[in-house]
Amino acid sequence: EKAAESAGEVTITFAEEGKVSVYDTNQQRRKWFDFDKAFQPNSTQQEVFEEVKPLATSVLDGYNVCIFAYGQTGSGKTFTMTGSDANPGLNTRVLRELFQIRDHRKEEVEISIS
């Protein structure tokens, strides 16, 4: 699809939930991509965590889980995963959730995390 966009950097648009478009100035066209979830640039660490939080339960239910952060250089992948002391990322938040679930289930089943 052709779109009239000004020359310059590639423009990224969040059209709707999970639908992202990128305008390629070289080819002068917009490319659309569909994802299960695409977070807006202003999304908080807590919002991202709430989306992946159920995966912690899946891990303790015996499923293999992979949390994958994808994006261009400087887009915040490392911050999303590691965060800071004041604003922890997914690594810390998911581990905390795993230990909370383990503690909650301790009467039902023995869970060993190593």
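Below, the structure is looked at part by part.

Analysis parameters
Residues numbered from 1 in each chain as written. Predicted model: local features only at pLDDT ≥ 70, side-chain atom pairs only at ≥ 80, totals over all residues. Heavy atoms only, no water. Helix = DSSP H or I, 4+ residues; strand = E, 2+ residues; numbered from the N terminus. Rg over C-alpha atoms; globule rule 2.2 N^0.38 Å. Buried < 20%, exposed > 50% of the residue type's maximum accessible area, 1.4 Å probe, protein only. Contact = heavy atoms within 4.5 Å. Areas by Shrake-Rupley, 256 points an atom, 1.4 Å probe, with all protein chains shown as cover. Lys, Arg positive; Asp, Glu negative; His and termini not counted. Charge placed at Lys NZ, Arg CZ, Asp CG, Glu CD. Phe/Tyr/Trp six-rings, centres within 6.5 Å; stacked < 30°, edge-to-face > 60°. Core = buried A, V, L, I, M, F, W, Y, C linked by side-chain atoms within 4.5 Å. 1 Å grid on protein atoms, 1.4 Å probe; cavity = no way out; pocket = protein on both sides within 12 Å on 5 of 7 lines; lining within 4 Å. Points joined across faces, edges and corners; volume = space filled by probe spheres on them. Salt bridge = Lys/Arg side-chain N within 4 Å of Asp/Glu carboxyl O. Patch = residues over 30% accessible without salt bridge, like charges linked within 9 Å, V, L, I, M, F, W, Y side chains within 5 Å. Expected span 1.5 Å × (residues − 1). Arc of directions from axis to C-beta.

1. Considerations on the overall build of the chain
Working step 1: Secondary structure assignment for the chain yields three helices and three strands.
Working step 2: Taken from the N to the C terminus, the helices and strands of the chain come in the order β-β-β-α-α-α.
Working step 3: Here the C-alpha atoms of the chain give a radius of gyration of 19 Å, more than 25% beyond the 13 Å that 2.2 N^0.38 yields for 114 residues.
Working step 4: Every one of the 114 residues in the chain was classed for burial, and the buried ones make up 20%.
Working step 5: In the chain, the proportion of contacts linking residues at least 24 apart, taken out of those at least 6 apart, comes to 36%.
Working step 6: When the accessible area of the chain is evaluated, it comes to approximately 8700 Å², of which 48% is carbon and sulfur surface.
Working step 7: Once the 13 positive and 18 negative side-chain charges of the chain are each reduced to a mean point, those two points are 4 Å apart.

2. Here we look at the packing of aromatic side chains
Describing an aromatic ring pair means giving the distance of the ring centres and the angle of the ring planes.
Working step 1: Applying the stated criterion to the full structure yields one aromatic pair.
Working step 2: Here F68 and Y70 contribute two aromatic rings whose centre-to-centre distance is 6.3 Å and whose plane-to-plane angle is 20 degrees, an arrangement assigned as stacked. The residues F68 and Y70 share a single accessibility class, namely exposed.

3. Description of the environment of T44
Working step 1: Secondary-structure assignment places T44 in the loop between strand 3 (29–34) and helix 1 (45–60).
Working step 2: With a relative accessible area of 38%, T44 lands in the partly exposed category.
Working step 3: Measuring from C-alpha to C-alpha, the distance between T44 and E16 comes to 18 Å, with 28 residues separating the pair along the chain.

4. Regarding the nonpolar core
Working step 1: Counting residues in hydrophobic clusters, the biggest one holds ten residues: V48, F49, V52, A56, L60, M81, L90, V94, L98 and I101.
Working step 2: The set of elements that each furnish at least two residues to this core consists of helix 1 and helix 3 (90–105).
Working step 3: Looking at this core element by element, the count peaks at five residues for helix 1.

5. Overview of the layout of surface pockets
Working step 1: Approximately 1300 Å³ is the volume attributed to the largest pocket.
Working step 2: In terms of lining, the largest pocket is formed by 32 residues, of which the most central are A38, F39, Y70, G71 and S75.
Working step 3: Here the lining of the largest pocket gets five residues from one element, more than from any other, and that element is helix 1.

6. Remarks on the pattern of salt bridges
Oppositely charged side chains are able to pair whenever their charged atoms sit close together.
Working step 1: Throughout the structure, instances matching the rule amount to four salt bridges.
Working step 2: A salt bridge links D34 to K19, with the shortest nitrogen-to-oxygen separation between them at 3.8 Å. Of this pair, D34 sits in strand 3 while K19 is found in strand 2 (residues 19–24), placing the two residues 15 residues apart along the sequence.
Working step 3: Here K19 falls in the partly exposed class, since its relative accessible area comes to 25%.

7. Re a nonpolar patch on the surface
Working step 1: A cluster of nonpolar side chains, contributed by L55, V59, Y63 and V65, occupies part of the molecular surface with about 330 Å² of accessible area.
Working step 2: Tracing the sequence through the fold places V65 in the loop between helix 1 and helix 2 (77–82).

8. Remarks on helix 3
Working step 1: Taking 1.5 Å per residue as the helical rise, helix 3 with its 16 residues ought to reach 22 Å, and the 22 Å between its terminal C-alpha atoms agrees with that figure.
Working step 2: For helix 3, the set of buried residues is L90, R93, V94, E97, L98, I101 and R105. Buried residues along helix 3 cover an arc of 140 degrees about the axis, so they all sit on one side.
Working step 3: Close packing links the buried residues of helix 3 with helix 1 and helix 2.

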